[in-house]
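Chains, contacts and geometry: an overview
Listed below, chain by chain, are the residues.
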Amino acid sequence: MAMPERSSPDVEQARSRLLKKVTARLARAAAVSFWVMVIAFGLIRLAPGDPVLARLGAEAAPEAIDRLRHALRLDVDPATQFVEYTWGMLHGRLGTSIETQRDVATIIAESLPVTLGIIAVTLAMALVVAVPLALAIATSRRPWVPYLFRATTSVMLAIPAFFTALVGLIVFGLHWQIAPIIGYEPGFPANLRFLWLPALVICTHLVPVLSRVLHASLVQTRGEEFVETGIIRGVSRLRFTWFYLLKPSLAPSIVLLSYMVGVMIGSTVIIETIFSLPGIGRSLVGAVINRDYPLVQGIVLVFGLFVVAVSLAGDLLANWLDPRVGAT
Amino acid sequence: MSLLTIENLTIGIPRGSAAPLAIVENASLWLQPGEMLGLIGESGSGKTMLCRSLIGTLRRRGAAILSGRITLAGTDLAHTDERAWRDIRGRRVGYVPQSALAGPNPVMTIGAQLREAILQGTPGADVPARARELLDLVQIRRPELVLAQYPHQLSGGMRQRVMIACAIAGTPELLVADEPTTGLDVTVQAGIMQLLRDIRARLGTAIILVSHDLALVDDVCDRILVMHAGACVEAVPAHAAPRHPYTIALNRSRIELAEPGTPLVTIAGQPPSVGAWPPGCRFAARCDIAQPDCRLGPHPPMRGEAHANACLHPERAA
């Protein structure tokens, strides 16, 4: 029976299926990115106002306006502009910010890590709280525990995040003075001092949703027959909790989480504005106000790519944890 | 010296201040090492609960042992705590659950599940060698492929073979198979039954086979214990003529005995449901030969050694 462990035809087949799936998703990601680009390009031009007027003011001399418009190549028709923009993109050029004259890629490279930092800290916080919470409630024998859980999470979800953010700033920032109200310091772990409160605020919505979905999955898993198999085999408590309860329950939560993280990058616009964090969301707000076409396009494209990438990662992770997901 | 002895076991659901709801009452059985016992009964007769008491998973279903004794080769199983159960499960008692399709853990490969069962049964075992040995024992071809697969990639029969392999990984003295062929094709069913007999022959494992198919159990087991409405009514050696009216009726309703063109024979009425057991013999309401004294007092206990019977009037049963 000394057969090689790998490279049997079926295992090989499963691997090529997965490869095919990933390739298909990457092709779809490219298509999504293209449409995000088209929409970002079109929407910002449809919006009233224009970058030239935003810079020079409404009282500027018509010649000056024409000159700048020509310099920015905004006087050619939009279709040509789009072709030029796409051409630059294919060569790795995101363009130059009209407002600051800086390279869009550089601005994104500076502000994106701040936003990703908020998201990473939020995710870590949410998982650390939501997973044990859902597990404790799902395995609790007291009948009032799930009711209390549902009521509390409903109340938390009903409070808007910007309100929580302001209360958080007043309580932790002004009253107890344990969180900075303004400013940012890049680099780990120095940035954590500035990120924990924004992350906590986002968690007041993320934890209820995540723990509820996970709790529902756990309750469903608990009733399945294979759970008894774990008991019958006499596996240890730790193994049982991971392999027979959590792992079979995680897939829906991970798919949800990848979706929520995609949405989260949008909601950082509000959080970054309230906490004065120099993230990509705040850059977007500034860019939209100034009608900074290249910067808006660049940031929206990054948002789109991020959403696509996170959802792909979520699907792959769910598939890896629970092979039933890929089988159907 | 029998391997397993159950004496006057009563299993029920505690209901706070009210009297507990009995599911199995005064059940008794014994099992010799290497013996294969069939456990027969309609749904709700308590046979699954009786089996669960042997693996310590009653509490999960809200039930508990109310009285009686279970002894497995000197070990008391009726008063065992969770910690002690971990040493018994997989090592001394193997269990093949009812559902072949939903039994294996869907998020672990067969290899990982076998590994888990092997290490629980024999800590420090040579896992790859033992896994192949077990798969060979349950007649799974191409083990190197199956080890890398997930349950949903296997057929129902294969899944049940894997479950059996896991159950015997720790070479337990007792294997309990609770309707192991539910939901499987008839041909697959025959294969699983043959496999259980092989295991008994090769490893000397005592087996309790739960089923509602009297013909099947009569074929493969040494002895048959018949349960009806939470009580043991007859323990009959295989191929022997049944003496309890319930077993006789079950035997008559075997489908392969039916005359073509005539209606199938059934047992009139329903077994009384849990919580609504009448006094006396619980089969009396469905019994042709019931006498007035059959409906009095507690359920009659089984009497006799090799062929035990709970009927008060066995001489009238035909």
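Above this text is the structure in question.
Residues numbered from 1 in each chain as written. Chains lettered and ligands numbered in written order. Predicted model: local features only at pLDDT ≥ 70, side-chain atom pairs only at ≥ 80, totals over all residues. Heavy atoms only, no water.

**Some remarks on the environment of L174 of chain B**
Residues and elements named next belong to chain B. When you line up the elements, L174 lands in strand β7 (residues 174-178). In sequence terms L174 and I224 are 50 residues apart; their C-alpha atoms lie 16 Å from each other. Here L174 is in contact with L3, L4, L31, L54, L72, R92, V93, G94, T205, A206 and I208, once residues within four sequence places are set aside. (Helix = DSSP H or I, 4+ residues; strand = E, 2+ residues; numbered from the N terminus. Contact = heavy atoms within 4.5 Å.)

**Quick word on the pattern of salt bridges**
Taken as a whole, this structure holds 20 salt bridges over all chains when the rule is applied. Residue E228 of chain A pairs with R60 of chain B through a salt bridge whose shortest N-O separation is 2.6 Å. Of the two residues, E228 of chain A sits in helix α9 (residues 225-232) while R60 of chain B sits in the loop between α1 (47-52) and β4 (64-72), which places them in two different chains. The class for E228 of chain A is buried, based on a relative accessible area of 6%. For R233 of chain A, the salt bridge is made with E116 of chain B, and the minimal N-O distance between the two is 3.6 Å. Taken together, the positions of R233 of chain A in the loop between α9 and α10 (237-274) and E116 of chain B in helix α3 (residues 110-121) put the pair across two chains. Exposure remark for R233 of chain A: the relative accessible area of 6% places this residue in the buried category. (Salt bridge = Lys/Arg side-chain N within 4 Å of Asp/Glu carboxyl O. Buried < 20%, exposed > 50% of the residue type's maximum accessible area, 1.4 Å probe, protein only.)

**Concerning the environment of L209 of chain B**
All names here are of chain B. Assignment of secondary structure puts L209 in strand β8 (residues 206-211). The class of L209 is buried, set by a relative accessible area of 0%. Counting along the chain gives 24 residues from L209 to D185, while the straight-line C-alpha distance between them is 18 Å.

**A word on unusual backbone geometry**
The phi angle at R291 of chain A is positive, at roughly 50 degrees, despite the residue not being glycine. Mapped onto the elements of the fold, R291 of chain A is located in the loop between α11 (280-289) and α12 (293-321). The buried category is assigned to R291 of chain A, whose relative accessible area is 18%. A positive phi angle, near 50 degrees, is found at N26 of chain B, a position not held by glycine. Locating N26 of chain B in the fold gives a position in strand β2 (residues 18-31).

**A look at the interface of chain A and chain B**
Taken residue by residue, the interface counts 32 residues in chain A and 34 residues in chain B. Of the roughly 3,000 Å² buried at the junction of chain A and chain B (both faces included), carbon and sulfur atoms supply 55%. Linking chain A to chain B there are five salt bridges. Counting across the interface, chain A meets chain B through twelve residue pairs in polar contact (both at pLDDT 80 or more). Of all elements in the fold, only α1 (9-46), α9, α10 and α13 (323-327) of chain A reach the threshold of two or more residues within the side of chain A that touches chain B. At seven residues, α9 of chain A tops the list of elements feeding residues into the side of chain A that touches chain B. Within the side of chain A that touches chain B, the residues separate by chemical class into 15 nonpolar, four polar and 13 charged. (Buried area = accessible area lost by both parts, 1.4 Å probe. Polar contact = N/O pair within 3.5 Å; in protein donor to acceptor, adjacent residues only side chain to side chain. Nonpolar A, V, L, I, M, F, W, Y, C, P; charged D, E, K, R; others polar.)

**Things to note about the packing of α10 of chain A against α11 of chain A**
Residues and elements named next belong to chain A. Direction vectors running N to C along α10 and α11 enclose 90 degrees, while the axes themselves pass 7 Å from each other. Considering the angle they form, α10 stands roughly perpendicular to α11. Residues V269, E272 and T273 of α10 form the contact with α11, whose own contacting residues are I280, G281, R282, L284 and V285. Broken down by class, the residue content of the contact of α10 with α11 amounts to four nonpolar, two polar and two charged. (Axes fitted to C-alpha atoms, helices over the stretch in contact; angles between N-to-C directions. Parallel < 35°, antiparallel > 145°, perpendicular 65-115°, else oblique.)

**Describing the sheet that holds β7 of chain B**
All names here are of chain B. Strand order in the open sheet formed by seven strands is β6-β7-β8-β3-β9-β10-β11, with mixed pairing between adjacent strands. The sheet is open, and its two borders are formed by β6 (93-96) and β11 (308-309), each paired with just one other strand. As judged from the five bridges shared by β7 and β8, these two strands associate in the parallel manner. Across the sheet, V176 pairs through a bridge with I208, a residue of β8. Helix α6 (residues 156-167) contacts β6 and β7 of the sheet and is inclined by roughly 170 degrees relative to β6. (Pairing = 2+ DSSP bridges.)

Any functional reading would require information that these geometric values do not contain.
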